[in-house]
Amino acid sequence: MAKKKLNVGMIGYGFMGRAHSNGFRRVGNFFDLEYEPVLKAACARDSEKIKTFADTWGYESTETDWRKLIERKDIDCIDIACPNNLHHDIAIAAAEAGKMILCEKPLAMNGKEGEAMCKAVEKAGTINSVWYNYRRVPAVSLAKKLIDEGRLGKIFHYRAVFLQDWTISEDLPQGGQGLWRLDAAAAGSGVTGDLLAHCIDTAIWLNGSFADVTAMTETFIKERTHTETGKKQAVKIDDACAFLAHFKNGSLATFESTRYARGHKALYTFEINGEHASIQWDLHDLHRLNWFDHRDESIVRGWRSIHVTDGDMPYMDKWWVPGLQIGYEHTFVHQVADFLENAAKGQSTAPTFRDALETQYVCDAVLDSAKSGKWENVAAVR
Ligand SMILES: NC(=O)c1ccc[n+]([C@@H]2O[C@H](COP(=O)([O-])OP(=O)(O)OC[C@H]3O[C@@H](n4cnc5c(N)ncnc54)[C@H](O)[C@@H]3O)[C@@H](O)[C@H]2O)c1
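Below or above, wherever it landed, is the structure these notes cover.

1. Examining helix α1 (residues 15-30)
Step number 1: Taking 1.5 Å per residue, 16 residues should reach 22 Å; α1 reaches 23 Å between its end C-alpha atoms and fits that length.
Step number 2: Taking the largest bend as the criterion, α1 deviates by roughly 25°, centred on phenylalanine 24.
Step number 3: Every buried residue of α1 is listed here: Met16, Gly17, Ala19, His20, Ser21, Asn22, Gly23, Phe24 and Val27.
Step number 4: Buried-residue contacts for α1 involve β1 (4-11), β2 (35-43), α2 (47-57), β4 (77-80), β5 (100-103) and α9 (329-344).

2. Here we look at a nonpolar patch on the surface
Step number 1: On the surface, a cluster of nonpolar side chains totalling about 300 Å² of accessible area is made up of Trp320, Val321 and Leu324.
Step number 2: Relative to the assigned elements, valine 321 resides in the loop between β16 (304-307) and α9.

3. Details of the layout of surface pockets
Step number 1: In this structure, the largest pocket encloses a volume near 1,300 Å³.
Step number 2: At the level of elements, α1, α7 (184-187) and α8 (191-207) are the ones that each hand at least two residues to the lining of the largest pocket.
Step number 3: Ranked by residue count, the leading element in the lining of the largest pocket is α8, at three residues.
Step number 4: Counted by class, the lining of the largest pocket contains 23 nonpolar, 14 polar and 11 charged residues.
Step number 5: If you add up the space inside the second largest pocket, you get close to 250 Å³.
Step number 6: Along its surface, the second largest pocket is lined by 14 residues, and Gly188, Ser189, Asp238, Leu367 and Lys371 are the ones closest to its centre.
Step number 7: The element contributing the most residues to the lining of the second largest pocket is helix α10 (residues 353-372), with five residues.
Step number 8: For the lining of the second largest pocket, the residue count by class is four nonpolar, five polar and five charged.

4. Topic: the environment of glutamate 48
Step number 1: One can find glutamate 48 in helix α2.
Step number 2: Residue classification places glutamate 48 among the exposed positions, given a relative accessible area of 60%.
Step number 3: Sequence spacing of glutamate 48 and threonine 192 is 144 residues, and the spatial spacing of their C-alpha atoms is 33 Å.

5. So, unusual backbone geometry
Step number 1: Here the residue pair lysine 105 and proline 106 is connected by a cis peptide bond, since its omega of -15° sits within 30 degrees of zero.
Step number 2: Across the junction of alanine 350 and proline 351, the peptide omega takes the value -5°, indicating a cis bond.
Step number 3: In this structure, proline 351 sits in the loop between α9 and α10.
Step number 4: Positive phi, normally seen in glycine, also occurs at tyrosine 315, with a value near 70°.
Step number 5: Of note, tyrosine 315 is situated in the loop between β16 and α9.
Step number 6: With a relative accessible area of 17%, tyrosine 315 lands in the buried category.

6. Things to note about the pattern of salt bridges
A side chain of one charge can pair with a side chain of the opposite charge when the charged atoms of the two come close.
Step number 1: Per the stated rule, a full pass over the model turns up 24 salt bridges.
Step number 2: As a salt-bridge pair, glutamate 36 and lysine 5 come within 3.2 Å of each other at their nearest N and O atoms. On the criterion of sequence distance, the pair formed by glutamate 36 in strand β2 and lysine 5 in strand β1 is long-range, its members being 31 residues apart.
Step number 3: Residue lysine 5 is classed as exposed on the basis of its relative accessible area, which comes to 51%.
Step number 4: Two residues, aspartate 296 and arginine 304, come together in a salt bridge whose shortest N-O distance is 2.6 Å.
Step number 5: Relative accessible area serves as the criterion here: at 19%, aspartate 296 is assigned to the buried category.
Step number 6: Arginine 304 sits in the partly exposed class, given a relative accessible area of 41%.
Step number 7: One continuous salt-bridge network, built from bridges that share partners, spans Lys105, Arg181, Asp194 and Arg259.

Procedures and definitions
- Residues numbered from 1 in each chain as written.
- Predicted model: local features only at pLDDT ≥ 70, side-chain atom pairs only at ≥ 80, totals over all residues.
- Heavy atoms only, no water.
- Helix = DSSP H or I, 4+ residues; strand = E, 2+ residues; numbered from the N terminus.
- Expected span 1.5 Å × (residues − 1).
- Bend = angle between axes of the 7 residues up to and from the residue.
- Buried < 20%, exposed > 50% of the residue type's maximum accessible area, 1.4 Å probe, protein only.
- Contact = heavy atoms within 4.5 Å.
- Patch = residues over 30% accessible without salt bridge, like charges linked within 9 Å, V, L, I, M, F, W, Y side chains within 5 Å.
- Areas by Shrake-Rupley, 256 points an atom, 1.4 Å probe, with all protein chains shown as cover.
- Salt bridge = Lys/Arg side-chain N within 4 Å of Asp/Glu carboxyl O.
- 1 Å grid on protein atoms, 1.4 Å probe; cavity = no way out; pocket = protein on both sides within 12 Å on 5 of 7 lines; lining within 4 Å.
- Points joined across faces, edges and corners; volume = space filled by probe spheres on them.
- Nonpolar A, V, L, I, M, F, W, Y, C, P; charged D, E, K, R; others polar.

See below:
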């Protein structure tokens with residue numbers, strides 16, 4: 001049967017522009033879907049660079065103004081893969097134009113912006129999703145299945161870290177490709193919105209809603225040269241953040257993130273301790289899920305490392321043969337696949353804008369608590 005075409009307009013050609021484009025290009029080779037994505041147009045301000053990107057990835061055309069891209073009648077779906085300060089305006093304009101929307105995380109600069117974005121997509125009835133891609137690591141999806149089946153029993157503890165070390169040098173500027181993350185005007189926050197947002201989204205998915213948080217943040221380097229002005233400017237993002245939380249299910253949590261953990265490039269790990277069993281996951285070994293079950297006979301009881309490659313494990317029937325693992329880029333292929341499958345049924349794909357608003361509210365409460373020095377309640381989403 002002929003496939004329905006879904007014309008994609010990509011905004012941004014950086015890290016995520018590449019990861020998403022790879023997802024769109026490869027999905028049809030591995031997933032049998034009603035929709036076939038067509039890389040219709042790529043957009044960024046620099047006409048030369050976006051042309052090179054379009055040629056590399058096979059986009060049919062380019063734009064240098066995202067408003068023009070959204071106005072185009074031949075675009076069905078807008079993919080927002082640019083810095084955080086642009087998500088709000090682009091998403092609202094895309095919703096008003098009736099486009100489907102895939103938006104990078106964090107959804108917005110703060111909860112207030114996120115609320116407006118949710119209202120816009122819900123008013124327009126447009127299909128949406130946010131790229132919290134770690135949900136679609138097969139081992140993380142397996143963790144979700146094990147928890148939902150009740151195999152851990154009552155959950156007592158949730159522990160997550162996301163550690164990097166790339167901003168330790170005082171000479172690193174703020175602003176520009178990749179480095180917009182150090183500029184609060186473009187990023188909204190530092191590690192809280194960039195890295196902890198991932199940990200929070202996974203935690204909500206696996207363990208439910210947060211009740212309250214208490215946090216501390218630090219900005220180790222107080223001034224950096226701004227790429228655009230050439231001047232030293234105050235650094236207003238959080239370089240590091242650690243917080244404690246209560247979940248609504250009564251479990252206790254600790255979260256930590258920093259870009260100053262020498263030796264760690266992208267160490268995202270979580271551990272969940274339940275009444276019967278515990279699980280651990282590590283992004284550096286993303287195809288494994290560590291599992292400990294107290295109900296095992298004591299002489300063989302111990303941590304086991306599940307190699308998540310068999311065909312009965314989440315997403316793995318679409319790839320190779322048992323024993324052969326997949327990697328980071330496949331999480332984006334999976335999200336595209338789920339997005340297209342749900343879109344064919346007229347449905348949005350989790351995490352939707354409204355799901356991602358909950359993460360935004362946790363980030364807001366964390367940053368508020370770091371300022372107030374007090375426990376802060378997390379606003380309820382629905
Ligand atoms: N899901 C994930 O794991 C993950 C990983 C990295 C980044 N992100 C998110 O993806 C988004 C982009 O991050 P990145 O790492 O790709 O950044 P990047 O700096 O590599 O790329 C940003 C892109 O946005 C473009 N851009 C900037 N201003 C623009 C404008 N006015 N109009 C059109 N294009 C514009 C730039 O040209 C560049 O191509 C951010 O929201 C970030 O938080 C998510």
